[in-house]
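If you want the building blocks of each chain, they are given just below.
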Amino acid sequence: MSEDAIDLKYARQVAEYYGLKVGRNGMACCPFHDDKHPSMKIDTGYYCFGCGAHGDAIGYVAQMYGLSQYDAACKLIEDFSLPIEIYKFRMKKPPFTEF
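Definitions and limits used
Residues numbered from 1 in each chain as written. Predicted model: local features only at pLDDT ≥ 70, side-chain atom pairs only at ≥ 80, totals over all residues. Heavy atoms only, no water. Phe/Tyr/Trp six-rings, centres within 6.5 Å; stacked < 30°, edge-to-face > 60°. Helix = DSSP H or I, 4+ residues; strand = E, 2+ residues; numbered from the N terminus. Buried < 20%, exposed > 50% of the residue type's maximum accessible area, 1.4 Å probe, protein only. Lys NZ or Arg CZ within 6 Å of the ring centre and 35° of its normal. Axes fitted to C-alpha atoms, helices over the stretch in contact; angles between N-to-C directions. Parallel < 35°, antiparallel > 145°, perpendicular 65-115°, else oblique. Contact = heavy atoms within 4.5 Å. Pairing = 2+ DSSP bridges. Salt bridge = Lys/Arg side-chain N within 4 Å of Asp/Glu carboxyl O.

Engineer: For the packing of aromatic side chains, give the residues involved together with the corresponding values.
Structural biologist: For the structure on display, the rule yields eight aromatic pairs. Both rings, one in Tyr18 and one in Phe80, keep their centres 6.4 Å apart while their planes meet at 80°; by these two values the pair is edge-to-face. Pair noted here: Tyr18 is in the loop between helix H1 (11–17) and strand E1 (27–28) and Phe80 is in the segment after helix H3 (69–79), with a separation of 62 residues, a long-range link. We note that Tyr18, like Phe80, is buried. Among the aromatic residues, those joined into a cluster by ring pairs are Tyr17, Tyr18, Tyr65 and Phe80. When the ring centre of Tyr65 is taken as reference, the NZ or CZ atom of Lys75 above it lies at 4.8 Å.

Listed below in structure tokens is the structure:
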């Protein structure tokens, strides 16, 4: 693991990295709806008591940025300098056969 890589285990780390202010008690204003009072509990995962949004670190990034789970995982790998290689798989087209 590189020296600047972060050991990513918590949705809280991700949320704080992307600008969400989380209180000592793990409560925050939900970024997914108009929230004036903290209604989201965030630690290893997140759950909003106001709108019902829930998930893990990847799900948080996916919902926050409108990404697929795969693209959110790739964003986390890049933003947190995680030592994980990303492979892009392409489906090969079957050979054309005439009947």
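Engineer: Go over H3 with me, naming the residues and quoting the values.
Structural biologist: Those residues of H3 that sit buried are Ala72, Cys74, Leu76 and Ile77. In the stretch just after H3, Ser81 is the one whose phi turns positive, near 50°.

Engineer: Break down the packing of helix H2 (residues 57–65) against H3 for me, with residues and values.
Structural biologist: Two elements in contact, H2 and H3, have axes whose closest approach is 8 Å; the angle formed by their N-to-C orientations is 105°. If you check the angle between H2 and H3, you find them roughly perpendicular. Within the contact between the two elements, H2 uses Ala57, Ile58, Gly59, Val61, Ala62 and Tyr65 and H3 uses Gln69, Ala72, Ala73, Lys75 and Leu76.

Engineer: Before we move on, can you summarise the sheet that holds E1 with the specific residues and values?
Structural biologist: Pairing within the open sheet is antiparallel, and its four strands lie in the order E1-E2-E3-E4. With partners counted over all chains shown, the strands left at the sheet margins are E1 and strand E4 (54–55), one partner each. The pairing of strand E2 (residues 40–42) with strand E3 (residues 46–48) spans three bridges and is antiparallel. Its bridge partner lying in E3, Ile42 is registered against Tyr46.

Engineer: Before we move on, could you go through the pattern of salt bridges and cite the residues and values that matter?
Structural biologist: Two side chains bearing opposite charge may form a pair once their charged atoms approach each other closely. By the definition in use, this model includes two salt bridges. Note that Glu16 and Arg12 form a salt bridge whose closest N and O atoms lie 3.3 Å from each other. Taken together, the residues Glu16 and Arg12, both in helix H1 and four residues apart, mark about one turn of the helix. Residue classification places Glu16 among the partly exposed positions, given a relative accessible area of 37%. With relative accessibility at 21%, the residue Arg12 sits in the partly exposed group. Note that Lys75 and Asp79 form a salt bridge whose closest N and O atoms lie 3.1 Å from each other.

These values are about where atoms sit, not about what they do.
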